[in-house]
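Next come the chains, spelled out residue by residue.
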Amino acid sequence: MCRTAITREEGASKGRYVYRPEDSGESAELTYSRVSPTRIIVDHTGVPDSLRGQGIGQALAREAVEDARADGVRIIPLCPFFKAQAQRHPEWHDVVEI
């Protein structure tokens, strides 16, 4: 998986990270809502069956964590997948509210 294939799209109150492989018409995404200038809620991670098993969901989650650190934002994990990843990665707890 090419890391540069992950892009961040952000609006005033919502955003998402999208993975679009060059060789597929499908994409994976992690979506979030901004609840304050310093907090976001990660509410959904979706990876189509054709892209599963490649670590794409984890890469999307890691990208969100790295951006949260850079932006000084805390993450509230409502998405079950993201929450499970955060529980497996205690090094994320500086920005993820478990």
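Described below are features of the structure shown in this document. (Residues numbered from 1 in each chain as written. Predicted model: local features only at pLDDT ≥ 70, side-chain atom pairs only at ≥ 80, totals over all residues. Heavy atoms only, no water.)

Quick look at the sheet that holds strand E5 (residues 74-77)
Then, in step 1: Read across the sheet, five strands follow the order E1-E2-E3-E4-E5 without closing on themselves; strand pairing throughout is mixed. Where the open sheet ends on each side, the last strands, each with one partner, are strand E1 (6-10) and E5. Geometrically, the sheet is characterised by an average inter-axis angle of 25° between neighbouring strands, direction not taken into account. (Pairing = 2+ DSSP bridges. Helix = DSSP H or I, 4+ residues; strand = E, 2+ residues; numbered from the N terminus. Axes fitted to C-alpha atoms, helices over the stretch in contact; angles between N-to-C directions.)

A few points about the packing of helix H1 (residues 56-71) against helix H2 (residues 80-88)
Then, in step 1: For the pair H1 and H2, interaxial distance at closest approach is 10 Å and the crossing angle is 75°. Considering their axes alone, H1 and H2 lie roughly perpendicular with respect to each other. Contacts between H1 and H2 involve Gly57, Gln58, Ala61, Ala64 and Val65 from the former and Phe81, Phe82 and Gln85 from the latter.
Then, in step 2: For the contact of H1 with H2, a count of residues per class yields five nonpolar, three polar and no charged. (Parallel < 35°, antiparallel > 145°, perpendicular 65-115°, else oblique. Contact = heavy atoms within 4.5 Å. Nonpolar A, V, L, I, M, F, W, Y, C, P; charged D, E, K, R; others polar.)

Quick word on H2
Then, in step 1: Turning to H2, its buried residues are Phe82, Gln85 and Ala86. Taken around the axis of H2, the buried residues stretch over an arc of 100°, which confines them to a single face. Among the exposed residues of H2, those pointing more than 90 degrees away from its buried face are Pro80, Gln87 and Arg88.
Then, in step 2: Residues of H2 that are buried in the fold lie against strand E3 (28-36), strand E4 (39-46), H1 and E5. (Buried < 20%, exposed > 50% of the residue type's maximum accessible area, 1.4 Å probe, protein only. Arc of directions from axis to C-beta.)

Remarks on the nonpolar core
Then, in step 1: Core analysis: the largest hydrophobic core is formed by 26 residues, its most contacted members being Tyr19, Leu30, Val42, Leu60, Ile75, Phe82 and Val96.
Then, in step 2: Broken down by secondary-structure element, the contributors of at least two residues to this core are strand E2 (14-19), E3, E4, H1 and H2.
Then, in step 3: Ranked by residue count, the leading element in this core is H1, at seven residues. (Core = buried A, V, L, I, M, F, W, Y, C linked by side-chain atoms within 4.5 Å.)

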